[in-house]
Amino acid sequence: NDRGYNSATNDFVYGNQRGVPYKMNKVSMFVSRASVCEEEAPYQRQILNETLSWTLGEKYRTSEEYIHLMEQIGGTTTRFNK
């Protein structure tokens, strides 16, 4: 959801508006495994930015951590997530 504004306060949060570019950081990349057996995928995820690894999904965060971090960035867009 690309709203650019906090849905509760209508404060500007981010976006390519007002000369404020998006801040994007690479979180992970896939690299070839050194040795591959038939049970393993030929690639594995390598985390490049531990600070943002929570954005990769439930495997990389607790529920409490997710709630806390989402609140710090203004929460979810409640209008679309009900």
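Residues numbered from 1 in each chain as written. Predicted model: local features only at pLDDT ≥ 70, side-chain atom pairs only at ≥ 80, totals over all residues. Heavy atoms only, no water.

Remarks on the overall build of the protein chain
Assigned secondary structure in the protein chain consists of 1 helix and 2 strands. Traced from its N-terminal end to its C-terminal end, the protein chain shows the element sequence β-β-α. Counting the 82 residues in the protein chain, one finds 17% classified as buried. Element-wise, carbon and sulfur atoms account for 49% of the exposed surface of the protein chain, whose accessible area totals about 6900 Å². (Helix = DSSP H or I, 4+ residues; strand = E, 2+ residues; numbered from the N terminus. Buried < 20%, exposed > 50% of the residue type's maximum accessible area, 1.4 Å probe, protein only. Areas by Shrake-Rupley, 256 points an atom, 1.4 Å probe, with all protein chains shown as cover.)

Quick word on the confidence of the model for the protein chain
Per-residue confidence for the protein chain gives a mean pLDDT of 78, with 73% of residues at or over 70. Least confident of the elements in the protein chain is helix H1 (residues 63-72), whose mean pLDDT is 89; most confident is strand E1 (residues 28-32), at 92. (pLDDT = per-residue confidence, 0-100.)

Digging into the environment of Phe-30
With respect to the helices and strands, Phe-30 occurs in strand E1. Residue Phe-30 is classed as exposed on the basis of its relative accessible area, which comes to 53%. A C-alpha to C-alpha distance of 8.8 Å links Phe-30 and Ile-47, two positions 17 residues apart in sequence. Other than its neighbours up to four places away in sequence, Phe-30 contacts Tyr-43, Gln-44 and Arg-45. (Contact = heavy atoms within 4.5 Å.)

Quick word on the side chain of Ser-28
Take Ser-28: it is sitting in strand E1. Residue Ser-28 is classed as buried on the basis of its relative accessible area, which comes to 15%. Side chain to side chain, Ser-28 and Arg-45 meet in a polar contact 2.8 Å long. Sequence-distant contacts of Ser-28, defined by excluding residues within four places in its chain, comprise Arg-45, Gln-46, Ile-47, Leu-48 and Leu-56. (Polar contact = N/O pair within 3.5 Å; in protein donor to acceptor, adjacent residues only side chain to side chain.)

Overview of the environment of Ile-73
Residue placement: Ile-73 occurs in the segment after H1. For the pair formed by Ile-73 and Asn-6, sequence separation is 67 residues and the distance between their alpha carbons is 8.7 Å.

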